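Listed here are the chains, written in short residue letters.
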Amino acid sequence: MENGGFYNQHDFRTLAIALAVWTAQFTILWIASIVFPAQPLARWAALPFTLLAVGALAWLYLRAGRPALLTTPGLGLAIAAAGTLFNALPSLLG
Amino acid sequence: MSSSPLDSAEAFAGARRSETGFDHDLYRQFPTQHPRPEGEVEELERIWAAPKGWALLTVVNNNYIGFFYVATAFLFFLLAGVLALGMRVQLAAPLMDFLPQDTYNQFFTMHGTVMMFLFAVPMVEAIGVMLLPQMLAARDLPFPRLSAYAFWAYFVGGLCFFASIFVGLAPDGGWFMYPPLTSIAFSPEINTDFWLLGIGFIEISAIAGAIEIIVGVLRTRAPGMTLDRMPMFAWAMLVFAVMIVVAFPSVILCTLLLELERAFNWPFFDPTRGGDPLLWQHLFWFFGHPEVYIIFLPAAGLMSMMVATIAQVPLVGYRLNVVALVATGFISFGVWAHHMFATGMPRLSTGYFSAASMAVSLPAGIQVFCWIATLASGRIRWTTPALFVVGSIVIFTMGGLTGVMVAMVPFDWQVHDTYFIVAHLHYVLLGGMVFPMFAAFYHWIGMTSRRGLSERLGKWVFGLMFTGLHVTFLPMHLTGFMGMPRRVYTYLPDRGLDTLNLLSTLGAFILAAGVLVFLVDLARNLRFTTDDDAGNLYKGGTLEWLPTGLYSTRSIPLVKSREPLWDDPAICKDVEDGRYFLPNSTTGLRETLVTSPINAEPQYLQIMPGPSPWPIGAAVTTAGFFLALTVQAYAFAATSGIISVICVLRWMWDTDPPVKQETAEIGPGINVPIAITGPQSNGWWALNVLAVVMGMIALMGLFSYLYLFGIHPEVWIAAPGLGQTAGIATLLLAALGFAWLSRRLLASHKKGAKPGQLPWISCAASSACSIAALYWDLTGWQGAGLAPEATGQGATVFGMLGYQGLGAAIGVVMAAYLGYRSGRGLLTTPRSVTLDTVARFLGYIAIQGLVLSTVMRLLPG
């Protein structure tokens, strides 16, 4: 039998929450960009929300016990972090 | 065989904790040692037997419905392929007159529409219906009649929709039907209505299938099949179904809005009256791009399972693959507007969508590398499925790379609406879905046919299709770069396009020749069976290769690893000898074991419905309703609609019978309840998924409302007074309270006591409050001077109130149905699945009304 008996061994919850953080940041940044088109406010709004998202991901990382990259929560957090930082690039580059 | 260490041993709170209180030590009894009594298998065969002759149309078993579904979806693939050949003949040389311009428009519209809506999504759903119960070792999916309804609705609706091309009434506005081209001013005929009503209806069928799959995957897995032991296809189908539930409401809403605009002149997309054509694009692509992943992910799940079998080693990076599937599901909802880069969106918005479009390639890449690593770590047997799998990886990677190219805004501007995009999307869809599907046909044919398909012919099929694909679509990258636009029925000579187009046409026929050889192979070797199949031709390790009949497996195994057949060679015999769970029918009825969603611990026994004519009756009349609306035969539409409702109610009448037996023994000393309500029941799960679907439609409606305000605030009028809004909110809160009260009233009675009429009367009161609130809301807006045909605000407000009215009307029917059942003494105490479902639905409608009403009245202020 595989390790772990008959209990689920993978932390899918952290994975889902991490990706939800990405979704929330993306949605907020996009809404800001269409509510304030061509205004500096849309670009500046990206900064606090990106910091907030990164902070949330860092908190999740600690809460999940600093998982290694090649685990379910580890890779989920890594993809969410990459996507979150990538989301912020357009506001930096203009 | 494989090991999976805990993600983070100390921190992961879910580890080693029973989900339901089930004692895991009971698993030690399996496989049991005592022989089973005689006659159990014969009884299972009798209970699960399929009807014969014409009565086979009433069958609901997944073996049959799945097979019908796959065959129908493949028929649509062939039909859409024939349309493609017609287009390629027209484009073989400049200024050809094989197809007139109007017919060509219908051909490309129908080709795209049929491939996306009638082939790709139904095909993966069909494969799911066919394979999932066996992969999970369930007796069937949890709502077999819903599967039957979904299939027949799709079959009848799809064929009627396709037939429109034979009378010159097929849609001709492109598969995405952009207004204003498809508005009444530029498309006054009913071609567009066929698309709007036909596709909207078929999407309802897809959602029904998705609800079935979500509940099936989460609730009917064999004991011990924890989430991290699920076959990759089950994971893929779970993500697929969740994506359908989130994405498809958007296309249902936009088709409804455009139909309302065309039928009643409500200006959702008319910029002269406060509408906006780009609203359509947002709504359509919020569905349309995730649709690509909706098609790709199940195929990726099949690929993950096939690479393991081909290499005869466990999938490398199972957990990474799962993460990739889930991540793709999330990120794919952030890419829809990359189809709109050329519409003049704010620059920053395009940047965000560009970033997300590139980010989505990360999880897709993870999957591809896992497949390559798996193949590299084993010894590949170059069978036909192996060829298709490897070919698929090559083709999909090529399509993915051009996808990253078009994710870059300046590049997209250059190639937008050219043949480069046609090449890109065909590489992605053929590599990501069609080739895996052919691989799956060869791989899993042993489950449903007395003999396998021919390896010799299969290699020809692969060779012709692989060659044909590249000869067809590789040159299109160049024709696109050279500026040849899509959806144009001809081109001028001497522009350097002649040879490339001729080559593409030749390639299309080579591809078609491959499909033709496949049909020959099918005709020669496919012999449908449910009990005498060819079996495990390629030595797979998952549960679908256990010996099965129409009742699925004789007993439901205890799952200890991801490839149980590789790890426990005796499992097939033990299962067949009835040494695991539920080796018989404990109630003499069709039944399946329901397990918990995470650890798959046994929870209860669900009684399953048998063959019934009502699902097919409901499907045919629902199709009749929509088609009659299309041709404006309103009396016929109303008749069909009423008959459809009666069929649905009659179908449900049998599904909640009072069962005297309270518990069932599913293994030595393991007793589980038979009928339950609340969060543990399948009905609760299905209703919640339905609520998500309805909620998404409402959410997208509110998005439309706020979006139009953002574009045209000058046409907005003030909402009615706050006092009225508070009154409406109070009525809806009362509706919510009555719904809750009905359950409390029923629960206050002891088991077996007569509940009286108060519980259903409370539901009826809830329904009446919702209707009253709706009436007040409508008249309030009318009194404020809002008219639906006047402005975008009027159209969206009345459109959403109409949607709320639909829900409230269904609530009235449900409350009346509950009253009738109560009058017949069929309301069981202290719990009733029917009352539970009706009360929860009414509660949801009240909450939806509260949100819609208050948001539209209070925002934007």
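What counts, and where the lines are drawn
Residues numbered from 1 in each chain as written. Chains lettered and ligands numbered in written order. Predicted model: local features only at pLDDT ≥ 70, side-chain atom pairs only at ≥ 80, totals over all residues. Heavy atoms only, no water. Helix = DSSP H or I, 4+ residues; strand = E, 2+ residues; numbered from the N terminus. Rg over C-alpha atoms; globule rule 2.2 N^0.38 Å. Buried < 20%, exposed > 50% of the residue type's maximum accessible area, 1.4 Å probe, protein only. Areas by Shrake-Rupley, 256 points an atom, 1.4 Å probe, with all protein chains shown as cover. Lys, Arg positive; Asp, Glu negative; His and termini not counted. Charge placed at Lys NZ, Arg CZ, Asp CG, Glu CD. Contact = heavy atoms within 4.5 Å. 1 Å grid on protein atoms, 1.4 Å probe; cavity = no way out; pocket = protein on both sides within 12 Å on 5 of 7 lines; lining within 4 Å. Points joined across faces, edges and corners; volume = space filled by probe spheres on them. Patch = residues over 30% accessible without salt bridge, like charges linked within 9 Å, V, L, I, M, F, W, Y side chains within 5 Å. Salt bridge = Lys/Arg side-chain N within 4 Å of Asp/Glu carboxyl O. Polar contact = N/O pair within 3.5 Å; in protein donor to acceptor, adjacent residues only side chain to side chain. Nonpolar A, V, L, I, M, F, W, Y, C, P; charged D, E, K, R; others polar. Pairing = 2+ DSSP bridges. Phe/Tyr/Trp six-rings, centres within 6.5 Å; stacked < 30°, edge-to-face > 60°. Lys NZ or Arg CZ within 6 Å of the ring centre and 35° of its normal. Expected span 1.5 Å × (residues − 1). pLDDT = per-residue confidence, 0-100. Axes fitted to C-alpha atoms, helices over the stretch in contact; angles between N-to-C directions. Parallel < 35°, antiparallel > 145°, perpendicular 65-115°, else oblique. Left-handed = near helix turned anticlockwise from the far one by under 90°.

Draft legend 1. Molecular detail of the overall build of chain B. Scanning chain B for helices and strands turns up 24 helices and six strands. Against the 2.2 N^0.38 benchmark of 29 Å for 861 residues, chain B shows a C-alpha radius of gyration of 27 Å, consistent with a compact globule. Based on the C-alpha atoms only, the size of chain B along its principal axes is roughly 80 × 75 × 60 Å. Scored against the burial criterion, the 861 residues of chain B give a buried share of 62%. Of the accessible surface of chain B, which amounts to about 30500 Å², a share of 68% is contributed by carbon and sulfur atoms. Here chain B holds 46 positive side-chain charges and 51 negative ones, and the gap between their average locations is 7 Å.

Draft legend 2. The overall build of chain A, seen in detail. What chain A contains, in helices and strands, is three helices and zero strands. Walking chain A from its N terminus toward its C terminus, one meets helices and strands in the order α-α-α. Computed over the C-alpha atoms, the radius of gyration of chain A is 16 Å, more than 25% above the 12 Å expected from 2.2 N^0.38 for a compact globule of 94 residues. Oriented by its inertia axes, the alpha-carbon framework of chain A measures out at about 60 × 20 × 15 Å. Within chain A, the proportion of its 94 residues that are buried is 49%. Long-range contacts, defined as pairs at least 24 residues apart, comprise 70% of the intrachain contacts of chain A with a sequence gap of at least 6. Of the roughly 4400 Å² of accessible surface on chain A, 74% is carried by carbon and sulfur atoms.

Draft legend 3. Spotlight on empty space enclosed by the protein. Residues and elements named next belong to chain B. Applying the stated criterion across every chain, the model contains five cavities of 30 Å³ or more. Estimated volume of the largest cavity: approximately 70 Å³. Lining the largest cavity are Ile 728, Leu 732, Ser 770, Ala 773, Leu 774, Asp 777, Leu 801, Gln 804, Gly 849, Leu 852 and Ser 853. Counting only elements with at least two residues in the lining of the largest cavity, the list comes to helix H21 (722–747), helix H22 (758–783), helix H23 (792–823) and helix H24 (833–858).

Draft legend 4. Quick look at a positive patch on the surface. Residue and element names in this part refer to chain B. A contiguous patch of positive charge on the surface is contributed by Arg 451, Arg 456, Arg 524 and Arg 527. With respect to the helices, strands and loops of the structure, Arg 451 is situated in the loop between helix H13 (419–444) and helix H14 (455–481). Overall, Arg 451 belongs to the partly exposed group, its relative accessible area being 39%.

Draft legend 5. Looking closely at the interface of chain A and chain B. Tallying the contact residues gives 43 residues for chain A and 52 residues for chain B. Counting across the interface, chain A meets chain B through zero salt bridges. One can count four residue pairs in polar contact (both at pLDDT 80 or more) joining chain A with chain B. For the side of chain A that touches chain B, the secondary-structure elements that each account for two or more residues are helix H1 (12–35), helix H2 (40–63) and helix H3 (72–93) of chain A. Its residues assigned to classes, the side of chain A that touches chain B comprises 24 nonpolar, 15 polar and four charged.

Draft legend 6. Representation of the pairing of strand S3 (residues 591–595) of chain B within the structure. All names here are of chain B. Burial runs high along S3: five of the five residues are buried. Of the two faces of S3, the one lined by Glu 591, Leu 593 and Thr 595 and the one lined by Thr 592 and Val 594 are each fully buried. Inspection of the sheet shows S3 paired to strand S4 (residues 602–607) by five bridges, in the antiparallel sense. In the sheet register, Glu 591 faces S4, and the bridge partner there is Ile 607. Counting the residues between successive antiparallel strands, the hairpin from S3 to S4 contains six residues, one of them, Ala 600, with a positive phi of roughly 55°.

Draft legend 7. Quick peek at the environment of Gln90(B). Residue and element names in this part refer to chain B. By the secondary structure assignment, Gln 90 is in helix H2 (residues 62–90). Using a relative accessible area of 0% as the deciding quantity, one classes Gln 90 as buried. For the pair Gln 90 and Ala 299, spaced 209 residues apart in sequence, the C-alpha to C-alpha distance is 32 Å. Discounting chain neighbours no more than four positions away, the residues touching Gln 90 are Met 96, Asp 97, Phe 98, Leu 99, Tyr 104, Tyr 489 and Thr 490. One polar contact links the side chain of Gln 90 to the main-chain carbonyl oxygen of Met 96, over a distance of 2.9 Å.

Draft legend 8. How the structure looks around unusual backbone geometry. With an omega dihedral of 0°, the bond running from Phe30(B) to Pro31(B) counts as a cis peptide bond. Examined against the element boundaries, Pro31(B) turns out to sit in the segment before helix H1 (40–47). In the segment running from Pro179(B) into Pro180(B), the intervening peptide bond is cis, with an omega of 10°. Along the chain, Pro180(B) turns up in the loop between helix H4 (144–163) and helix H5 (191–219). Unlike most non-glycine residues, Ala38(A) shows phi in positive territory, near 60°. You can call Ala38(A) exposed: its relative accessible area is 85%. The phi angle at Ala600(B) is positive, at roughly 55°, despite the residue not being glycine. Its location among the elements puts Ala600(B) in the loop between S3 and S4. Overall, the relative accessible area of 0% leaves Ala600(B) in the buried class.

Draft legend 9. Representation of a negative patch on the surface within the structure. Taken together, the side chains of Glu38(B), Glu42(B), Glu45(B) and Asp531(B) define an acidic patch exposed on the protein surface. In this structure, Asp531(B) sits in the loop between helix H15 (498–525) and strand S1 (548–549).

Draft legend 10. View of the packing of aromatic side chains. Applying the stated criterion to the full structure yields 73 aromatic pairs over all chains. Consider the rings of Trp22(A) and Phe26(A), whose centres lie 5.4 Å apart with planes at 15°: the pair is stacked. Of this pair, Trp22(A) and Phe26(A) both sit in helix H1, separated by four residues, roughly a single helical turn. Here Trp22(A) and Phe26(A) have matching classes, each one buried. Above the face of the Tyr318(B) ring, Arg562(B) is positioned so that its terminal group lies 3.7 Å from the ring centre. The residue whose ring lies beneath Arg821(B) is Trp653(B), and the NZ or CZ to ring-centre distance is 4.8 Å.

Draft legend 11. Examining the side chain of Ser250(B) more closely. All names here are of chain B. In this fold, Ser 250 is placed in helix H6 (residues 232–264). When its relative accessible area of 0% is taken as the criterion, Ser 250 is described as buried. A polar contact of 2.6 Å, which involves the side chain of Ser 250, links it to the backbone oxygen of Leu 283. Residues in contact with Ser 250, not counting those within four places in the same chain, are Leu 283, Phe 286, Phe 287 and Met 700.

Draft legend 12. Quick peek at a nonpolar patch on the surface. Residue and element names in this part refer to chain B. A cluster of nonpolar residues, Leu 706, Leu 722, Leu 858 and Leu 859, forms a patch on the protein surface that exposes about 370 Å² of accessible area. Looking at the secondary structure, you find Leu 706 in helix H20 (residues 682–711). The exposure class of Leu 706 is partly exposed, given its relative accessible area of 36%.

Draft legend 13. Summary view of H2(B). All names here are of chain B. Between its terminal C-alpha atoms H2 stretches 42 Å, which fits the 42 Å expected from 29 residues at 1.5 Å a residue. Among the 29 residues of H2, 21 are classified as buried, and the element is accordingly described as predominantly covered. Two to three positions downstream of the cap, the backbone nitrogen of Asn 63 sits 2.9 Å from a side-chain oxygen, assigning the N-cap of H2 to Asn 61.

Draft legend 14. Fine view of the confidence of the model for chain B. Residue and element names in this part refer to chain B. Residues of chain B with pLDDT of at least 70 account for 98%, and the chain-wide mean is 93. Below pLDDT 50 for its whole length, residues 1–6 participates in 17 contacts with residues either more than four positions away or in separate chains. The model gives residues 8–13 a pLDDT under 50, and that stretch makes 10 contacts with residues more than four places away or in other chains. Our summary of model confidence lists the complex with pTM equal to 0.94 and ipTM equal to 0.93.

Draft legend 15. The arrangement of the packing of H20(B) against H23(B) in detail. Residues and elements named next belong to chain B. Interhelical geometry of H20 versus H23 gives an angle of 170° and a closest axis separation of 9 Å. Of the possible angle classes, the one that applies to H20 and H23 is roughly antiparallel. Taken as a pair, H20 and H23 cross one another with a handedness that is left-handed. On H23, the residues that touch Met 694, Ile 697, Ala 698, Gly 701, Ser 704, Tyr 705 and Leu 708 of H20 are Gly 792, Gln 793, Thr 796, Val 797, Met 800 and Tyr 803. The class makeup of the residues in the contact of H20 with H23 is eight nonpolar, five polar and no charged.

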